[in-house]
Amino acid sequence: MIRAGVGYSHNLSTAEATEQAVTMAMSNAKIAKSDLVFVFATVNYASEYQQIFEGIKDISGSDCLVGCSGMSVLTSAGEFEGQSTIAVLVVRSDQLSIHPLLETKNDIASISAIIDNHVSAEDNSLLTIFPDIRSNLPTQLIQKTEEYQFNVPIVGAAASGNPTTGQMHQWCGEKMVEASTSGVLLTGSFHTEVGVAQGCQPFGKAAKITRADGDKILELNEIPALEVLQKSLELLTEEDIRRSGGMVFLGMAMDNSNQSPEIGDYLIRNIMGIDRDSSAIESAEHITEGQIVRFHLRTPYAARQEIQTIIDRMSQKTQQHPPAFGLYFNCLGRGTGLYGEKNYDIGIIKAKFPDLPIIGFFGNAEYAPIGNRNFMHAYTGAFVTCSEE
């Protein structure tokens with residue numbers, strides 16, 4: 001059985017905010033002791049983070065605390081943009097094996113050892129990470145999971161903090177560090193669903209790459225790639241182009257077995273350049289012949305439509321496995337700045353998962369799988385649910 005609860009506080013007193021947040025979480029979970037605690041806090045509490053860890057340990061009974069600083073944090077109660085907040089999610093379960101991690105040297109060896117020692121074909125797994133955006137460790141971890149053929153989905157976000165000084169923190173247990181990576185590996189008998197909202201809408205028709213040279217797409221459906229792009233652009237209105245700022249992205253279907261990809265099945269990447277001599281389009285991500293691609297625009301309207309589609313789909317998928325808790329990692333470029341209103345994403349999520357305890361923060365980059373492969377994303381909202389088997 002998995003029991004979880006979330007709590008938060010905006011109290012400027014660190015001691016009082018900590019007590020309020022963790023007491024609320026424990027009460028909502030209806031547990032006396034927690035096995036795992038996710039903790040996200042805004043940077044104004046930074047000088048007293050240690051006090052937060054000690055307070056949470058005393059009340060929750062758990063020394064397994066993982067998390068990081070966030071410029072803004074969120075729970076199922078709202079996206080607290082620009083507000084002083086301590087957010088806590090407590091979890092107790094006899095189905096989960098919990099392996100916290102903290103890598104201060106950004107060396108993959110120690111985290112790789114945790115994966116090697118605890119991930120098996122018999123159990124499910126989920127790796128959450130909260131790295132420094134300047135670290136190459138997430139890239140190494142993503143490459144590592146390729147060796148496992150996706151036995152380890154990676155979700156999370158790069159820590160954020162003080163926009164002026166660039167100060168941001170990660171923590172594990174009662175240890176707080178900077179320029180590092182914290183997180184937790186969960187293994188055992190549980191079920192996860194992941195939805196990735198990249199804020200884009202497709203235009204034109206999906207097409208197959210029929211000729212490529214490295215990362216240059218030469219032909220789509222045996223037609224010069226640039227010609228296909230130009231014909232697709234003719235379908236757009238001036239309003240479409242204005243909303244997008246004139247930026248066009250390439251969506252790449254990452255599951256070769258899926259010949260009819262839908263919204264959420266595409267990995268969104270920049271178009272790096274156009275070679276008019278060869279009528280080629282250069283992708284920012286490795287592409288292969290036979291892969292299905294589609295052009296996309298990123299607009300507030302697209303973001304609204306996409307998050308609704310993704311959450312509707314996750315709601316359907318989780319009906320057989322009602323989730324016990326959720327994690328939502330949102331980009332700093334989304335939220336009010338994207339929609340012009342507060343709590344849009346969490347409002348969509350709560351409409352479909354009204355009683356689900358959720359925690360997360362606004363990050364500098366997001367990590368989540370698409371088409372059974374792990375990726376780093378930008379301008380993305382990544383939602384993961386954890387359910388009993």
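Look above for the structure.
Residues numbered from 1 in each chain as written. Predicted model: local features only at pLDDT ≥ 70, side-chain atom pairs only at ≥ 80, totals over all residues. Heavy atoms only, no water.

A.B. asks: Outline the sheet that holds strand β2 (residues 36-41), listing residues and values.
C.D. replies: Taken in spatial order, the 6 strands of this open sheet run β1-β6-β2-β3-β10-β11, and their pairing is mixed. The two strands at the open ends of the sheet, each matched to only one other strand, are β1 (2-9) and β11 (175-177). Each adjacent strand pair in this sheet contributes to an overall mean axis angle of 15°, direction not counted. Strand direction decides the pairing type here: β2 and strand β6 (residues 86-93), joined by 6 bridges, are antiparallel. (Pairing = 2+ DSSP bridges. Helix = DSSP H or I, 4+ residues; strand = E, 2+ residues; numbered from the N terminus. Axes fitted to C-alpha atoms, helices over the stretch in contact; angles between N-to-C directions.)

A.B. asks: So what's going on with the side chain of Glu366? Residues and values would help.
C.D. replies: Topologically, Glu366 is positioned in strand β23 (residues 366-370). No salt bridge is formed by the buried Glu366. Its closest oppositely charged neighbour is Arg334, at 7.3 Å. Excluding residues that lie within four positions of it along the chain, Glu366 makes contacts with Gly156, Ala157, Phe329, Asn330, Cys331, Phe375, Met376, His377, Ala378, Tyr379 and Thr380. (Buried < 20%, exposed > 50% of the residue type's maximum accessible area, 1.4 Å probe, protein only. Lys, Arg positive; Asp, Glu negative; His and termini not counted. Salt bridge = Lys/Arg side-chain N within 4 Å of Asp/Glu carboxyl O. Contact = heavy atoms within 4.5 Å.)

A.B. asks: Pulling in residues and values, what's your account of empty space enclosed by the protein?
C.D. replies: Any empty space left between the atoms is revealed when a probe the size of a water molecule rolls over them. This structure, assessed with the given rule, holds 2 cavities of 30 Å³ or more. Estimates place the volume of the largest cavity at around 50 Å³. Contributing to the lining of the largest cavity are Gln198, Cys200, Pro202, Ile263, Gly264, Tyr266, Ile268, His296 and Glu306. Counting only elements with at least two residues in the lining of the largest cavity, the list comes to β14 (200-213) and β18 (266-275). In the lining of the largest cavity, the residues fall into 5 nonpolar, 3 polar and 1 charged. The volume enclosed by the second largest cavity comes to roughly 40 Å³. Taken together, Ala253, Asp255, Asn256, Asn258, Gln259, Gly290, Gln291 and Ile292 make up the lining of the second largest cavity. In terms of residue class, the lining of the second largest cavity is built from 2 nonpolar, 5 polar and 1 charged. (1 Å grid on protein atoms, 1.4 Å probe; cavity = no way out; pocket = protein on both sides within 12 Å on 5 of 7 lines; lining within 4 Å. Points joined across faces, edges and corners; volume = space filled by probe spheres on them. Nonpolar A, V, L, I, M, F, W, Y, C, P; charged D, E, K, R; others polar.)

A.B. asks: Requested: an account of the packing of helix α1 (residues 14-29) against helix α2 (residues 49-60), with residues and values cited.
C.D. replies: It is at 9 Å that the axes of α1 and α2 come closest, and there the two elements cross at 35°. The two elements α1 and α2 cross, and the hand of that crossing is right-handed. Facing Thr14, Ala15, Thr18, Glu19, Val22, Thr23 and Met26 of α1, the residues of α2 in contact are Gln51, Ile52, Gly55, Ile56, Ile59 and Ser60. Looking at the contact of α1 with α2 residue by residue, the class counts come to 6 nonpolar, 6 polar and 1 charged. (Left-handed = near helix turned anticlockwise from the far one by under 90°.)

A.B. asks: How would you summarise the packing of aromatic side chains if you had to cite specific residues and measurements?
C.D. replies: Within the structure shown, the criterion is met by 13 aromatic pairs. Seen in terms of ring centroids, Phe353 and Phe383 are 5.7 Å apart; in terms of plane orientation they differ by 65°. Their pairing is edge-to-face. With Phe353 in the loop between α9 (344-352) and β22 (358-363) and Phe383 in strand β25 (residues 381-388), the pair connects residues that are 30 residues apart, well separated along the chain. Accessibility expressed as a relative area gives 6% for Phe353, which makes it buried. The exposure class assigned to Phe383 is buried, which follows from its relative accessible area of 1%. By the ring-pair criterion, three or more aromatic residues cluster together here, those being Phe40, Phe130, Phe329 and Phe361. Taking the ring centre of Phe249 as reference, the NZ or CZ of Arg298 above it sits at 4.6 Å. (Phe/Tyr/Trp six-rings, centres within 6.5 Å; stacked < 30°, edge-to-face > 60°. Lys NZ or Arg CZ within 6 Å of the ring centre and 35° of its normal.)

A.B. asks: Break down the environment of Thr210 for me, citing the residues and quoting the values.
C.D. replies: With respect to the helices and strands, the residue Thr210 is situated in strand β14. Distance from Thr210 to Ser232, taken between C-alpha atoms, is 17 Å for residues 22 residues apart in sequence. Thr210 has contacts with Glu219, Leu220, Asn221, Glu222 and Glu289, leaving out every residue within four places of it along the chain.

A.B. asks: Talk me through the pattern of salt bridges; I want residue IDs and the actual numbers.
C.D. replies: The final tally for this structure, using the stated rule, is 14 salt bridges. One salt bridge in this structure joins Arg134 and Asp132, with 2.8 Å as the shortest N-O distance. Here Glu146 and Arg373 are joined by a salt bridge, their closest N and O atoms 3.6 Å apart. One end of the pair, Glu146, is in helix α4 (residues 137-147); the other, Arg373, is in strand β24 (residues 373-377), and 227 residues separate them in sequence.

A.B. asks: Before we move on, could you go through the sheet that holds strand β9 (residues 154-157) and cite the residues and values that matter?
C.D. replies: Spatial strand order, β7-β12-β8-β9-β23-β24: 6 strands in an open sheet with mixed pairing. The open sheet has two free edges, formed respectively by β7 (96-103) and β24, since each of these has just one partner strand. The average undirected angle you get between the axes of adjacent strands in this sheet is 20°. Judged from the 3 bridges that link them, strand β8 (residues 124-131) and β9 form a sheet pairing that is parallel. Bridge pairing in β9 places Thr128 opposite Val155. Across the face of the sheet, helix α3 (residues 108-118) comes into contact with β7, β8 and β12 (181-188) while running at roughly 165° to β7. Packed on one face of the sheet, α4 meets β7, β8, β9, β12, β23 and β24 and runs near 165° to β24.

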